[in-house]
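Structure at a glance
Spelled out, the chains give:
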Amino acid sequence: MVYMSDIKADSAQLSPERAAEREEVLTKARAAKGVAPVFAQLTTPRKNEILRAAADDLVAATEDILAANLKDIEAGRAAGMSDSLVDRLALDADRVAGIANGLRLVAGLEDPVGEILRGRTMDNGIQMKQVRVPLGVMGMVYEARPNVTVDAFGLALKSGNVPLLRGSKSARNSNAKLVDILQTTLERFDLPREGVQLLPCETRDSVQDLITARGLVDLVIPRGGAGLINAVVTGATVPTIETGTGNCHFYVDASADVDKAIAMVVNGKTRRTSVCNSTEAVLLDAALSDATKLRIIEALQDAGVTIHGVVSELEAFGVKGAVEATDQEWEEEFLSHDICAKVVDGVDGAIKHIARYTTGHTEAIAAQDADVLLKFANEVDAAAVMLNASTAFTDGEVYGMGAEIGISTQKLHARGPMALPELTSTKWILQGNGQCRP
């Protein structure tokens, strides 16, 4: 049922431009709802064929994609966009090839639609089963990452869903070109272009139109910074899955193999600073020698990382060039070559610090003491806990999921990297031969 009271606005109270924007969102949502049954009924071989064709079409159009992306990069730099956001926005031939390969990986994954989760035959002979089914129309709200446009399409198609994509204004040209290519692929398979649509991004109001389109949109997934996620989660009247930010910590225990710990911390921080699995704080066991603590910090500094923390605490074991951390820096992502550093009282101190500041994304430890590892694994509350591994491993592709739709930090329905099974719902099917309940 469409809840018109939730998606209608008094047109007299809207400017012509705003009314047109709202109508565009609702028109595209209605179109998506209309074609959703078509995509829900696609067979697995058909879906895989489309995904592989879309991957080939993207690679073939690499030059056009990069030309559109360059317009976005130039506009972003002219507007003062940070280096970390430019990195998220930027595409090159390798990244386009990687995005296309993500579609091929999804094509090779098991199709969740139709999977029987459980079932039995009742005493009266009725056969019952719980089956995975598509969610329907899937709204995506995301920032300057054009790869999400293709990832969302691929995962939505394979799980039988129809995506409504609301990318950021900063990636408008890149997203428009990518969606046009994907729509053309659908047309070649005699499918409606409305199987993937890009929503207007001129104002933030279009986000509100999407997340309040009850009856037209079945689920909204926000992917981006804390401000975007909070705005969607708190303002939505349609169901949402929260993909949280990553204030990821790495604790180095006194029992750790220091060489390996340094490699993991530096990798987690510097491999790609603009992503949500980047290490944003290193916690050092007070039982480590001052020389070892200093060695860990200097390894980060040698890799170009600026250290933030309580300067007097850090200077006490020889750290130079540290910056006094603000309260906000302990709580949020840097997404840059910056990291917070703190000395804690063993694993208990690390767990206490993490409990206060974690966003529930990924938390990691380096230790050789089995009891310490077990305690950390059992008591740290996060979507992913890394034992002697870099935080960078929290990634759907690394987990074998193909492209991911985001990293969920909530505890309902989906948690951690979200891929195909998380984009389905279930329904019960009962088959009898005329039974009536007494």
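Here is what the cut-offs are and how they apply
- Residues numbered from 1 in each chain as written.
- Predicted model: local features only at pLDDT ≥ 70, side-chain atom pairs only at ≥ 80, totals over all residues.
- Heavy atoms only, no water.
- Pairing = 2+ DSSP bridges.
- Helix = DSSP H or I, 4+ residues; strand = E, 2+ residues; numbered from the N terminus.
- Disulfide = S-S within 2.5 Å.
- Buried < 20%, exposed > 50% of the residue type's maximum accessible area, 1.4 Å probe, protein only.
- Core = buried A, V, L, I, M, F, W, Y, C linked by side-chain atoms within 4.5 Å.
- Contact = heavy atoms within 4.5 Å.
- Domains from an automatic or database assignment.
- Buried area = accessible area lost by both parts, 1.4 Å probe.
- Salt bridge = Lys/Arg side-chain N within 4 Å of Asp/Glu carboxyl O.
- Polar contact = N/O pair within 3.5 Å; in protein donor to acceptor, adjacent residues only side chain to side chain.
- Axes fitted to C-alpha atoms, helices over the stretch in contact; angles between N-to-C directions.
- Patch = residues over 30% accessible without salt bridge, like charges linked within 9 Å, V, L, I, M, F, W, Y side chains within 5 Å.
- Areas by Shrake-Rupley, 256 points an atom, 1.4 Å probe, with all protein chains shown as cover.
- Parallel < 35°, antiparallel > 145°, perpendicular 65-115°, else oblique.
- Left-handed = near helix turned anticlockwise from the far one by under 90°.

1. As for the sheet that holds strand β3 (residues 137-142)
Read across the sheet, 4 strands follow the order β5-β4-β3-β6 without closing on themselves; strand pairing throughout is parallel. Since the sheet does not close on itself, it has two edges, and those belong to β5 (197-198) and β6 (219-223), each with one partner. Judged from the 2 bridges that link them, strand β4 (residues 162-166) and β5 form a sheet pairing that is parallel. Bridging across to β5, Leu 165 finds its partner in Leu 198.

2. Here's the deal with the state of the cysteines
Per the stated rule, a full pass over the model turns up 0 disulfides. Looking at the unpaired Cys 276, the closest cysteine sulfur is the one in Cys 248, lying at 7.0 Å.

3. A few points about unusual backbone geometry
The phi dihedral of Asp 190 falls on the positive side, at around 60°, and the residue is not glycine. With respect to the helices and strands, Asp 190 occurs in the loop between α8 (172-188) and β5. Residue class for Asp 190 comes out exposed when judged on its relative accessible area of 70%. Not every positive phi belongs to a glycine, and Asn 388 is a case in point at roughly 55°. Along the chain, Asn 388 falls in the loop between β13 (384-387) and β14 (406-408). For Asn 388, a relative accessible area of 31% puts it in the partly exposed group.

4. Focus: the nonpolar core
As a rule of thumb, soluble globular proteins bury nonpolar side chains together. Counting 67 residues, the largest nonpolar core has Leu 58, Met 140, Phe 153, Val 217, Ile 221 and Ile 405 as the members making the most contacts within it. Residues contacting Met 140, with those up to four places away along its chain left out, are Val 148, Ala 152, Leu 164, Leu 165, Arg 166, Leu 210, Ile 221, Arg 223 and Ile 405. By size, the runner-up hydrophobic cluster in this structure holds 32 residues, among which are Val 252, Met 264, Val 282 and Ala 366.

5. Thoughts on the side chain of Thr 279
Relative to the helices and strands, Thr 279 is located in strand β8 (residues 279-285). Of the residues examined, Thr 279 reaches a relative accessible area of 0% and is grouped as buried. Ignoring sequence-local partners within four residues, the contact set of Thr 279 consists of Cys 248, Phe 250, Gly 268, Lys 269, Ile 339 and Thr 391.

6. Focus on the domain arrangement of the protein
By a widespread convention, an interface's size corresponds to the accessible area lost as its parts come together. Once the domains are mapped, the protein shows domain 1 (17-235) and domain 2 (248-398). Taken together, the contact pairs 6 residues of domain 1 with 6 residues of domain 2. Together, the buried faces of domain 1 and domain 2 total about 550 Å²; carbon and sulfur atoms form 38% of this surface. Together, Ser 84, Arg 88 and Arg 145 form the three largest contributors to the area buried by domain 1 at its contact with domain 2, with a combined 62%. Linking domain 1 to domain 2 there are 1 salt bridge. Between Arg 272 and Asp 87 there is a salt bridge whose closest N-O contact spans 3.2 Å. There are 3 residue pairs in polar contact (both at pLDDT 80 or more) connecting domain 1 and domain 2. Sorting the residues of the side of domain 1 that touches domain 2 by element identifies α5 (83-89) and α6 (93-107) as the ones contributing at least two each.

7. Here's the deal with the pairing of β6
Counted residue by residue, β6 has 5 buried out of 5 residues, so it is predominantly covered. Side-chain alternation along β6 places Leu 219, Ile 221 and Arg 223 on one buried face and Val 220 and Pro 222 on a second face that is also buried. Where β3 lies against β6, 5 bridges are found, and the strand directions are parallel. If you follow Met 140 over to β6, its bridge partner there is Ile 221.

8. What about the pattern of salt bridges?
What the rule picks out here adds up to 24 salt bridges. The salt bridge partner of Glu 21 is Arg 18, with a shortest N-O separation of 3.1 Å. Of this pair, Glu 21 and Arg 18 both sit in helix α2 (residues 16-40), 3 residues apart, which is roughly one turn of that helix. When its relative accessible area of 8% is taken as the criterion, Glu 21 is described as buried. A relative accessible area of 15% places Arg 18 in the buried class. Where Asp 111 meets Lys 47, a salt bridge forms, and the shortest distance between an N and an O atom there is 2.8 Å. Residue Asp 111 is found in the loop between α6 and β1 (116-121), and its partner Lys 47 is found in helix α3 (residues 44-60); the two are separated by 64 residues along the sequence. Looking at Asp 111, the relative accessible area reads 12%, which means it is buried. Residue classification places Lys 47 among the buried positions, given a relative accessible area of 0%. One salt-bridge network, in which partners are shared between bridges, spans Arg 18, Glu 21, Arg 22, Asp 205 and Asp 209.

9. Structural notes on the sheet that holds strand β2 (residues 127-134)
If you trace the 3 strands from one edge of the open sheet to the other, you get β1-β2-β16, paired in antiparallel fashion. The sheet is open, and its two edges are formed by β1 and β16 (424-431), each paired on a single side. On average, adjacent strands in this sheet sit at an angle of 20° to one another, irrespective of strand direction.

10. What about a nonpolar patch on the surface?
There is a patch of nonpolar side chains on the surface, built from Phe 393, Val 398 and Tyr 399 and spanning about 290 Å² of accessible area. With respect to the helices and strands, Tyr 399 occurs in the loop between β13 and β14. We classify Tyr 399 as partly exposed; its relative accessible area is 39%.

11. Looking at the packing of α3 against α8
To describe two helices that pack against each other, one gives the angle between their axes and the distance between the axes. Packing of α3 against α8 brings their axes to within 9 Å, and their N-to-C directions diverge by 135°. In terms of orientation, α3 lies oblique with respect to α8. Like other packed secondary-structure pairs, α3 and α8 cross with a definite hand, here right-handed. Along its contact with α3, which presents Ile 50, Ala 53, Ala 54, Asp 57 and Leu 58, the element α8 presents Leu 178, Ile 181, Leu 182, Thr 185, Leu 186 and Arg 188.

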